[in-house]
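# Close look at the chain arrangement
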Amino acid sequence: MGALLLDITLLGLGIIGATAFLGVAVNGIGNKLFSRGKKDEFIGRSRAYQDTWRKVGGTHK
């Protein structure tokens, strides 16, 4: 019974690990192939929004 639980646990961890790794890998490949220079568009827009925010918190060193 213990061996069965170990097998099921290892299989589950393998499937979850493979799914997580493949999700990250396919996302990276898709961004490289299909972004066509639009990668910085979202970063630039986010920075433009954040430039108008009030500065809150400690002092700058």
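The structure this text deals with has already been given above.
This report concerns the structure included in the present document. Since this is a predicted model, take the numbers as computed values, not measurements.

## Section: the overall build of the chain
- Counting its secondary structure elements, the chain contains two helices and zero strands.
- For a compact globule of 61 residues, the expected C-alpha radius of gyration is about 10 Å, and the chain comes in at 22 Å, more than 25% above that figure.
- By its C-alpha atoms, the chain is 60 × 35 × 20 Å across when sized along the principal axes.
- Looking at the 61 residues of the chain, the share that counts as buried comes to 2%.

## Overview of helix 1 (residues 2–34)
- Taking 1.5 Å as the rise per residue, helix 1 with 33 residues should run 48 Å; its terminal C-alpha atoms sit 47 Å apart, in good agreement.
- R36 sits one or two residues past helix 1 and shows a positive phi near 50°.

## Some remarks on the environment of A20
- Structurally, A20 is set in helix 1.
- Residue A20 is classed as partly exposed on the basis of its relative accessible area, which comes to 47%.
- Taking the C-alpha atoms as reference points, A20 and W53, 33 residues apart in sequence, are found 35 Å from one another.

## Description of a nonpolar patch on the surface
- There is a patch of nonpolar side chains on the surface, built from M1, L4, L5 and I8 and spanning about 460 Å² of accessible area.
- Along the polypeptide, L4 turns up in helix 1.

## Focus on the environment of R47
- Examined against the element boundaries, R47 turns out to sit in helix 2 (residues 39–51).
- For the pair R47 and G23, spaced 24 residues apart in the sequence, the C-alpha separation amounts to 27 Å.

About the cut-offs
Residue indices begin from 1 for each chain and proceed along its sequence in written order. With pLDDT at 70 or above as the cut-off, local features in this predicted model cover only qualifying residues; side-chain atom pairs require 80 or more to be listed or tallied, and sums for whole chains, interfaces and linings still use all residues. Side-chain measures here rest on the full set of heavy atoms in the structure, leaving out hydrogens and waters. Secondary structure elements are taken from DSSP: a helix is a run of H or I of four residues or more, a strand is a run of E of two residues or more, and numbering for both begins at the N terminus. Only C-alpha atoms enter the radius of gyration, while the globule expectation follows 2.2 Å times N to the 0.38, with N the number of residues. Between buried and exposed lies partly exposed: a residue is buried under 20% and exposed over 50% of the maximum accessible area for its type, with that area taken using a 1.4 Å probe on protein chains only. Helices are assigned an expected span. That span is 1.5 Å times one less than the residue count. Exposure above 30% relative accessible area and the lack of any salt bridge qualify a residue for a patch; like charges then connect within 9 Å, and the nonpolar side chains Val, Leu, Ile, Met, Phe, Trp and Tyr within 5 Å. A 1.4 Å probe and the Shrake-Rupley method give the accessible areas. Residues count as covered only by the protein chains that appear here. Here, a salt bridge means any side-chain nitrogen of Lys or Arg that lies within 4 Å of a carboxyl oxygen of Asp or Glu.

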